[in-house]
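Here is what each chain is made of, one letter per residue.
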Amino acid sequence: MPKSFFFKPFFFLYRIFFRKLQGFPMSVSSSHHASSSRSKNDKFFGSLYSHRSDLSNQTLIIFNFEGALLKSSSLFDYFMLVAFEAGGLLRSLVLFLLYPLICLVSEEIGLKIMVMVCFFGLKKDSFRVGTAVLPKFFFEDVGLEAFEVLQRARKKVGVSNLPRVMIESFLKDYLEIDVVVGKELKVFCGYFLGVMEEKENNVLPVLEEHDGEDMGFDIIGITASNKFHDHQLFYYCKDVYLVGNSDKRSSKKLPRDRYPKKLVFHDGRLALKPTPLDTIAILMWVPLGIALAIFRIIVGISLPYGVSFPILSFSGLRLTVNDNTKRESQSINNSHRSLPNDKPKSVLYVCNHRTLLDPLYICFALKKNLHAVTYSLSKMSEILSPIKTVRLTRNRHQDAEMMERLMNQGDVVVCPEGTTCREPYLLRFSPLFSEISDEIVPVAVDTHVTMFHGTTAGGLKCLDPLFFMMNPSAIYTVQLLDTVSGLSCCRDGSRSSIDVANYVQGEVGRALGFECTKFTRRDKYFILAGNEGIACKSNQPLKFE
């Protein structure tokens, strides 16, 4: 009996599972129902993109979010983000175990299963994944061609089969979509039931309003080839353009510099998109990662730098140091100034803030102990810290006195941003540090993680160092820049404390290639924990002379 006889059943199941795994939609040619229901005005997306300059600013576009705008056709990754970030490890494990069943059932039933697993029992008012976590991953999956077509339209309506709480913030706040039509989740006593409402949002008045305007308003639709006319709104379109598999595969990703609004802040522990294969790696690594993190923490707090540094490097924590400091203090205009005798002569290291471990890694880079001041620190992190760490009160007078006392005891490191920022941006530097010391050393810090972020805005901050240490490998880069004079400039009136802070921010930004902004800690928490999504309309970079 030929060997192929035994392999044919397995090969058949593999083809079915692989097609589901990749999330490829059914081609139009294989769907008799879809092809038979087309009208004469149905066209392919390529013809619309090649003639997108013909679109007037009086066009209303109705588009399918997951079928037309996103490059990926798989929704499992986004539901896994909801399960992990909002529900925890156990919920994400349940979703992963149900993945084979989701692959075998129809798309509609699979969607209902994922919604039930991810949302059942979550509190509606505290759900913030759609605002703080998903926009980053949605942006990385947006197709450039579809985005450019949408930009030409005057009005845009986004249609989706996903729960509206997952997509509304991204489409309205970041892509500036006028109307979002998604599934509503049933709520009982303030908690999601994991079931979607069957009724659709009533957006017909929107179409009637524009149709009644005497300006020849055209309505066109963009949807996936296997989702043809999957929503009643597409029947109001003059033309419907279909996005096929080849369009998705050849589409380019939307570059960061083309984002309509800058994505400065985002939250969540996962640093990678949890595809099915990556989810396997994450779930298998977590037990090992916890043990490795505990080992790394014990080594870091119990052994001298000379001994702990090689051990931590061998375990996967790498540190790169670039020392560009000059021995003699330099002011902004390169002139020397004298200070009163009662002022501390210690060095103040001023760095941007990536994780709570920034001061510790600067100590590793300098191979000496420093005092650290921070605006927010959990009690657990303060206890475990191998260096003296003091929390500031955000009272300017009290904080200034505290920093001066520490400066009299030795060198100090401070993060004037006041909170961490993951993206390549710098938040506004608080100018208090420029009034404390005249010998200021700017320090540019950057990190690279492979699996988990070591920062959070809505979770337990005491777990931040643990999650950072759980990464299989992580890289810290520390650049020591030219020394700057601060206090003497402020005292003689040649520069204000704000000018000095902006100058230091600009030097750190140039060293890292980051963009300087005027965002503050308050803006970050308003964006990630508030209800409106965007803190301010203008986020222009600071300009330095």
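A few points on the structure. Since the structure is predicted, the reported quantities are computational estimates derived from the model, not experimental observations. (Residues numbered from 1 in each chain as written. Predicted model: local features only at pLDDT ≥ 70, side-chain atom pairs only at ≥ 80, totals over all residues. Heavy atoms only, no water.)

## A short note on the overall build of the protein
- Within the protein, the regular secondary structure consists of 23 helices and 17 strands.
- Here the protein holds 545 residues, and 52% of them are scored as buried.
- In the protein, once contacts between residues fewer than 6 apart in sequence are set aside, the share between residues at least 24 apart is 77%.
- Summing over all exposed atoms, the protein offers an accessible surface of approximately 26,000 Å²; the carbon and sulfur share of this is 56%. (Helix = DSSP H or I, 4+ residues; strand = E, 2+ residues; numbered from the N terminus. Buried < 20%, exposed > 50% of the residue type's maximum accessible area, 1.4 Å probe, protein only. Contact = heavy atoms within 4.5 Å. Areas by Shrake-Rupley, 256 points an atom, 1.4 Å probe, with all protein chains shown as cover.)

## Observations concerning the packing of helix 15 (residues 276–302) against helix 16 (residues 305–314)
- Contact geometry of helix 15 with helix 16 gives a least axis separation of 8 Å together with a crossing angle of 160°. Relative to helix 16, helix 15 is oriented roughly antiparallel. Between helix 15 and helix 16 lies a crossing of left-handed hand. Contacts between helix 15 and helix 16 involve Phe-295, Arg-296, Val-299 and Gly-300 on the former and, on the latter, Ser-308, Ile-311 and Leu-312.
- A class-by-class count of the residues in the contact of helix 15 with helix 16 yields 4 nonpolar, 2 polar and 1 charged. (Axes fitted to C-alpha atoms, helices over the stretch in contact; angles between N-to-C directions. Parallel < 35°, antiparallel > 145°, perpendicular 65-115°, else oblique. Left-handed = near helix turned anticlockwise from the far one by under 90°. Nonpolar A, V, L, I, M, F, W, Y, C, P; charged D, E, K, R; others polar.)

## Examining the pattern of salt bridges
- Using the criterion set out here, one finds 19 salt bridges in the structure.
- Asp-464 serves as the salt-bridge partner of Lys-461, at 3.6 Å between the closest nitrogen and oxygen.
- When its relative accessible area of 2% is taken as the criterion, Asp-464 is described as buried.
- A single network of salt bridges, built from pairs that share partners, joins Lys-136, Glu-140, Arg-256 and Glu-423. (Salt bridge = Lys/Arg side-chain N within 4 Å of Asp/Glu carboxyl O.)

## Notes on the packing of aromatic side chains
- For the structure shown, the criterion picks out 19 aromatic pairs.
- Seen in terms of ring centroids, Phe-139 and Tyr-259 are 3.8 Å apart; in terms of plane orientation they differ by 5°. Their pairing is stacked. Of this pair, Phe-139 sits in helix 10 (residues 134–139) while Tyr-259 is found in the loop between helix 14 (245–250) and helix 15, placing the two residues 120 residues apart along the sequence.
- The structure contains a cluster of three or more aromatic residues connected by ring pairs, namely Phe-65, Tyr-78, Phe-138, Phe-139, Phe-170, Tyr-174 and Tyr-259. (Phe/Tyr/Trp six-rings, centres within 6.5 Å; stacked < 30°, edge-to-face > 60°.)

## Details of the environment of Met-196
- Mapped onto the elements, Met-196 comes out in strand 6 (residues 191–196).
- Along the primary structure Met-196 and Asn-161 are separated by 35 residues, whereas in three dimensions their C-alpha atoms are 9.7 Å apart.
- Every residue in contact with Met-196, bar those within four places of it in the chain, is listed here: Leu-111, Lys-112, Val-115, Asn-161, Pro-163, Lys-183, Glu-184, Leu-185 and Lys-186.

## Overview of empty space enclosed by the protein
- Applying the stated rule across the entire model yields 5 cavities of 30 Å³ or more.
- Taken as a whole, the largest cavity spans an internal volume of roughly 80 Å³.
- The wall of the largest cavity is formed by Val-264, Phe-265, His-266, Asp-267, Thr-420, Cys-421, Arg-422, Thr-455, Thr-456, Ala-457, Lys-524 and Leu-528. (1 Å grid on protein atoms, 1.4 Å probe; cavity = no way out; pocket = protein on both sides within 12 Å on 5 of 7 lines; lining within 4 Å. Points joined across faces, edges and corners; volume = space filled by probe spheres on them.)

## Some words on the side chain of Asp-358
- Among the secondary structure elements, Asp-358 is positioned in helix 17 (residues 358–366).
- Buried and unpaired, Asp-358 has no salt bridge, with Arg-354 as the nearest side chain of opposite charge at 6.9 Å.
- Excluding residues within four positions of it along the chain, Asp-358 makes contact with Cys-351, Asn-352, His-353, Cys-415, Val-445 and Tyr-476. (Lys, Arg positive; Asp, Glu negative; His and termini not counted.)

Geometric descriptors of this kind do not, in isolation, establish any biological role.
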